[in-house]
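Architecture and fold: a report
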Amino acid sequence: MAVRGVKGVKDKYDCIVIGAGLGGLTCANRLARAGRSVLLLEQHSQLGGLATWFRRKNHIFDVALHGFPVGMIKTVRKYWSKDISGRIVQLKGIRFDNPQFQLQTTYDKVDFIKLLTGRFKVDQQTVDNFFAHVRAMNFYDDDGRTVGELFEEFFPGRDDIVRLLMEPITYANGSTLNDPAISYGIVFSNFMSKGVFTFIGGTDLFINMLEEELVKNGVDVRTKALVERIIYDGDKITGVVVNGETIRAGSVVSNANLKTTLLDLLDDGALSGKFRSETEAVRINNSSSQVYIGIKEGEKIEPIGDLLFTSVAEKFDTAKMLSKDVTSRTFSVYYPELRPGQDKYTIVSSSNSRYEDWADLSEEQYQADKKALAEDTLDRLEKYVPNIRSIHDHLEVATPRTFKRYTLHVDGSSFGTKFEGLPISQDLHKEVAGLFHTGSVAIIMSGWLGAANYGVIVANEVDRYLGV
Amino acid sequence: MTKEDISQAVIDIIQEILPDEDMGGLDQEKPLRDQLELDSMDFLDIVMELRKRYSVEVPEKDYMELNTLQSTVQYLQPKMESL
Ligand SMILES: Cc1cc2nc3c(=O)[nH]c(=O)nc-3n(C[C@H](O)[C@H](O)[C@H](O)COP(=O)(O)OP(=O)(O)OC[C@H]3O[C@@H](n4cnc5c(N)ncnc54)[C@H](O)[C@@H]3O)c2cc1C
C-alpha cells in the first residue's frame with residue numbers, strides 16, 4: 001500500500017507523476033505496464049484527487065460519484081482490470097424536477113428520443129438530425145459555434161429542451177451555453193449513448209482497488225508527498241523537488257492543475273514568453289459546493305431516484321446555477337446497494353459554485369453561510385424525503401475553499417480549465433522537453449472518464465519520449 | 001519477421017486489447033474500424049504495444065497507415081523484417 005513521505009525512494013525513475021487524480025493514476029499504471037519505472041507523488045494522505053470520499057461517524061460520503069458514462073467500463077477494463085470494471089453498473093433513476101417539467105428517464109439515447117418526440121413534441125426528423133449532428137462532431141471540422149447556437153439551430157426558442165439537454169452537462173463539467181459546441185457534443189454523446197453508471201462498492205473501494213493494481217505493477221506510490229518544484233536544466237526536465245528532496249527522472253507528468261504546474265512549480269526560464277502569457281490567459285472552470293447528509297442507522301429512504309436534477313429557477317440559466325443564492329441542486333441518493341453488506345443511506349447535494357463568492361468571507365460569515373446552505377438544502381430535500389429533518393444524523397458542507405484545500409486546484413476548480421487549456425496541456429512537451437500534463441482540461445478531458453483516458457493518451461506520449 | 005509473422009503479431013496485439021472480438025474472419029483489405037469496435041484509444045494501445053514488444057515507433061503522422069490489416073503490415077514490414 002502507499003507509503004507516506006518519500007523516505008526510501010530510488011534516486012532516479014523513468015517517470016515521476018505528480019498527483020494521484022484519475023489522470024495521474026491511470027497514466028502511472030499505463031507506464032508501469034509498459035515497463036517503465038514510475039514514482040507517483042500525491043500531496044494528500046489519500047489517492048484519487050477529486051474522485052474522493054470521507055468518513056464521518058459510521059457514514060462514508062462519496063464526493064464525485066454521481067455518475068459517469070458507459071465508456072468507463074472499457075477504459076477501466078483495459079487500463080486497470082476486469083475485476084474493477086466488473087463492478088460498474090447503470091443507474092436507472094434519473095429525475096428532473098423544475099418549474100418547466102418533471103420527469104424520470106434512464107438517460108440514454110432511446111429514452112431521450114422518446115421524450116423529445118413525445119412529451120416535448122419535436123418531430124422525429126429534427127431529433128434524428130440533432131443526434132446525428134452531435135455524434136459526428138469532431139475536432140477536425142469544428143465550426144467554432146457555441147452550444148447555445150447549436151441548440152438554437154435544432155430547437156429554436158425551446159428553452160425547456162435546452163434545459164433537459166444541458167442542465168446535467170452543466171453540473172457535470174461546468175460548461176455554459178457560450179462554450180464551444182464541440183466540447184458539448186463529445187461529452188453529450190458519451191453520456192447519452194447508454195446512460196449513467198456508478199461503481200458498486202463506492203469511491204473508497206474503487207480507489208483502493210486502483211492502488212492495489214499500481215503496487216502490483218511496480219509503481220512506487222507515495223502520499224503526503226508535496227512536489228515543490230519541477231527542475232529544468234536549460235534543455236530538458238530532470239526531476240522534481242518533493243518534501244525538500246531532489247529526485248531525478250527522465251520525464252515528469254503533472255496531474256496538478258495546469259496553471260499551477262506551469263506558473264508555480266516549473267523552474268523559471270523553461271517557458272518562452274509567448275507560452276507563458278498564453279498559460280496565464282487560460283480561464284479556470286468553476287468550483288462546487290456540496291451538502292452531505294447521513295441517514296441514521298435503522299432509518300430508510302423510499303426509492304426516489306438515484307440522481308435528481310432539481311431547480312426552482314423558472315428557466316435554465318448558467319449564471320443562476322453558479323450563484324451563491326442556490327436555486328439548482330443535484331441530489332445523489334446512495335442506497336444500501338452501493339456498498340453491499342452495509343445498510344446505509346446517504347444523500348449528497350451538489351451545486352456549481354464560484355470561488356470568489358466564498359474566498360474572502362470572515363470566519364464567522366463563512367460558518368454562517370455554510371449553515372444557511374445546509375438548512376436551505378434540507379428545506380428543498382423535504383419535497384422528496386419529507387421526514388429528512390428527523391432521520392438524518394450528520395450534516396456537513398463543502399465549499400470551493402474545501403476543494404481548493406484538498407486538491408490545491410486554482411480557485412478550487414472542479415473541472416480543470418476552459419477550452420483554451422487543451423492546446424497548452426497537449427503541446428507542453430514540445431515547449432519543455434520531458435514535461436507533460438494530464439488531468440482535467442477543456443471539459444472533454446474532465447470527469448472520471450475524460451481524466452482517465454487523458455492519462456492513457458499522455459502515457460503514450462511519455463513512452464514515446466523515453467524511447468525504445 | 002515475414003509478412004505473415006507481422007500480421008499475426010498485429011492480430012495478437014488487437015486480440016489482447018479486444019478480448020471479446022472474434023478475429024477469425026478479418027478482411028485484410030477492409031478498414032479495421034469497420035470490422036471491429038476499435039476506437040481511437042485502442043489505436044494508441046496498438047502503437048504502444050508495438051513499441052514495447054518490437055521496439056517499433058509509429059509517429060502520430062503515420063497513424064492513418066494503420067487503416068487496414070494489409071496497410072498496417074505493409075507499413076510495418078520495413079521496420080520489422082530484420083527482427
Ligand atoms: C463535486 C464534484 C463532483 C463531481 N462529480 C463527478 C461525477 O459524478 N462523475 C464524473 O465523471 N466526474 C465528476 N467530477 C469530476 C471528476 O471528479 C474530475 O474531473 C476528475 O476526478 C479529475 O481528475 P484529474 O486527473 O484532473 O485530477 P484531480 O482529481 O484534480 O487530482 C489532482 C491531484 O493532484 C494532487 N496534487 C496537486 N498538486 C500537487 C503537488 N504539488 N504535489 C503532489 N500532488 C499534487 C492533488 O492533491 C490531487 O490529488 C466531479 C467533480 C467535483 C468537484
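This structure is a prediction, so every number in the text was calculated from the model and none was measured.

**Thoughts on the overall build of chain B**
Per the secondary structure count, chain B includes 4 helices and 0 strands. Going from the N terminus to the C terminus, chain B shows its helices and strands as α-α-α-α. A compact globule built from 83 residues would reach a C-alpha radius of gyration of about 12 Å, and chain B, at 12 Å, matches this within 12%. Its C-alpha atoms put chain B at 30 × 25 × 20 Å along the principal axes. Among the 83 residues that make up chain B, the fraction classed as buried is 45%. Across chain B, every contact between residues at least 6 apart in sequence was considered, and the portion connecting residues at least 24 apart equals 53%. Within the structure as shown, chain B displays about 4400 Å² of accessible surface, and the carbon and sulfur contribution to it stands at 46%.

**As for the environment of A:Thr377**
Residue and element names in this part refer to chain A. Tracing the chain through its elements places Thr377 in helix 14 (residues 363–381). For Thr377 and Val291, which are 86 residues apart along the polypeptide, the C-alpha to C-alpha distance reads 7.4 Å. In this structure, Thr377 is in contact with Val291, Ile293, Arg329, Phe331 and Ser349, ignoring residues within four places of it in sequence.

**Re the packing of helix 2 (residues 71–79) of chain A against helix 18 (residues 447–466) of chain A**
Residues and elements named next belong to chain A. Put simply, helix 2 and helix 18 touch, their axes get as near as 10 Å, and they point 35° apart. In this structure, helix 2 meets helix 18 at a crossing whose hand is left-handed. Judged by residue contacts, Gly71, Met72, Thr75 and Tyr79 of helix 2 engage Trp448, Leu449, Ala452, Asn453 and Val456 from helix 18. Here the contact of helix 2 with helix 18 is built from residues that sort into 6 nonpolar, 3 polar and no charged.

**Observations concerning the site of the ligand**
Residues and elements named next belong to chain A. Residues in close proximity to the ligand total 39 residues, the closest being Glu42, Gln43, Leu50, His409 and Ser440. In this structure, an oxygen atom belonging to the ligand sits 2.5 Å away from a side-chain N or O atom of Glu42. Contact between the ligand and Gly67: a nitrogen atom at 2.7 Å from a main-chain N or O atom of the residue. Those elements giving two or more residues to the shell around the ligand turn out to be helix 1 (22–33), strand 14 (287–295), helix 16 (400–407) and helix 18. For the shell around the ligand, a count of residues per class yields 20 nonpolar, 18 polar and 1 charged.

**Side note on the environment of A:Val241**
Residue and element names in this part refer to chain A. With respect to the element layout, Val241 can be found in strand 12 (residues 237–242). Put simply, Val241 and Asn190 are 51 residues apart on the chain and 38 Å apart in space, counted from C-alpha to C-alpha. Here Val241 is in contact with Leu226, Val227, Glu228, Arg229, Ile231 and Thr246, once residues within four sequence places are set aside.

**Brief notes about the interface of chain B and chain A**
Of the residues lining the interface, 20 residues belong to chain B; the matching set on chain A comes to 16 residues. Surface buried jointly by chain B and chain A totals about 1500 Å² across both partners, of which 47% is contributed by carbon and sulfur atoms. Considering only the side of chain B, the residues that lose the most area to chain A are B:Met41, B:Met48 and B:Arg51, jointly responsible for 41% of the buried surface there. Among the salt bridges present, the one from B:Asp42 reaches A:Lys74, with a minimum N-O distance of 2.6 Å. At the surface where chain B touches chain A, the tally comes to 13 residue pairs in polar contact (both at pLDDT 80 or more). Sorting elements by how many residues they give to the side of chain B that touches chain A places helix 3 (residues 40–54) of chain B first, with 9 residues. Of the residues assigned to the side of chain B that touches chain A, the class counts are 10 nonpolar, 1 polar and 9 charged.

**A short note on the packing of aromatic side chains**
All names here are of chain A. Per the stated rule, a full pass over the model turns up 24 aromatic pairs over all chains. Aromatic ring contacts, followed pair by pair, group Phe130, Phe131, Phe151, Phe154, Phe155, Tyr184 and Phe188 into a single cluster. Across the ring face of Tyr366, the terminal group of Arg401 is positioned such that the distance to the ring centre comes to 3.7 Å.

**What about the nonpolar core?**
Counting residues in hydrophobic clusters, the biggest one holds 130 residues, and the most contacted among them are A:Leu25, A:Phe130, A:Tyr184 and A:Phe206. Examining the composition of this core, we find that 8 residues originate from one element, helix 18 of chain A, more than from any other. The contact partners of A:Leu25, leaving out residues within four places of it in the chain, are A:Gly19, A:Ala20, A:Leu40, A:Leu47, A:Gly48, A:Trp80, A:Ile207, A:Leu210 and A:Leu214. In terms of nonpolar packing, the next biggest core, distinct from the first, is built from 24 residues, B:Ile6, B:Ile13, B:Val58 and B:Tyr75 among them.

**Remarks on unusual backbone geometry**
The backbone phi angle of A:Asn243 is positive, close to 45°, even though this residue is not glycine. Positionally, A:Asn243 belongs in the loop between strand 12 and strand 13 (245–254). The phi dihedral of B:Ser55 is positive, around 55°, even though this residue is not glycine. The partly exposed category is assigned to B:Ser55, whose relative accessible area is 46%.

**Brief notes about the domain arrangement of chain A**
Residues and elements named next belong to chain A. Under the domain assignment used here, chain A contains domain 1 (3–52 + 202–282 + 413–466) and domain 2 (108–195). In this assembly, 8 residues from domain 1 lie in contact with 14 residues from domain 2. The contact between domain 1 and domain 2 buries some 830 Å² in all, and 77% of this surface belongs to carbon and sulfur atoms. For the interface between domain 1 and domain 2, the tally reads 1 salt bridge. Between Asp179 and Lys418 there is a salt bridge whose closest N-O contact spans 3.4 Å. Inspection of the region where domain 1 meets domain 2 yields 1 residue pair in polar contact (both at pLDDT 80 or more). Looking at the side of domain 1 that touches domain 2 residue by residue, the class counts come to 7 nonpolar, no polar and 1 charged.

Conventions we followed
- Residues numbered from 1 in each chain as written.
- Chains lettered and ligands numbered in written order.
- Predicted model: local features only at pLDDT ≥ 70, side-chain atom pairs only at ≥ 80, totals over all residues.
- Heavy atoms only, no water.
- Helix = DSSP H or I, 4+ residues; strand = E, 2+ residues; numbered from the N terminus.
- Rg over C-alpha atoms; globule rule 2.2 N^0.38 Å.
- Buried < 20%, exposed > 50% of the residue type's maximum accessible area, 1.4 Å probe, protein only.
- Contact = heavy atoms within 4.5 Å.
- Areas by Shrake-Rupley, 256 points an atom, 1.4 Å probe, with all protein chains shown as cover.
- Axes fitted to C-alpha atoms, helices over the stretch in contact; angles between N-to-C directions.
- Left-handed = near helix turned anticlockwise from the far one by under 90°.
- Nonpolar A, V, L, I, M, F, W, Y, C, P; charged D, E, K, R; others polar.
- Near = heavy atom within 4 Å.
- Polar contact = N/O pair within 3.5 Å; in protein donor to acceptor, adjacent residues only side chain to side chain.
- Buried area = accessible area lost by both parts, 1.4 Å probe.
- Salt bridge = Lys/Arg side-chain N within 4 Å of Asp/Glu carboxyl O.
- Phe/Tyr/Trp six-rings, centres within 6.5 Å; stacked < 30°, edge-to-face > 60°.
- Lys NZ or Arg CZ within 6 Å of the ring centre and 35° of its normal.
- Core = buried A, V, L, I, M, F, W, Y, C linked by side-chain atoms within 4.5 Å.
- Domains from an automatic or database assignment.

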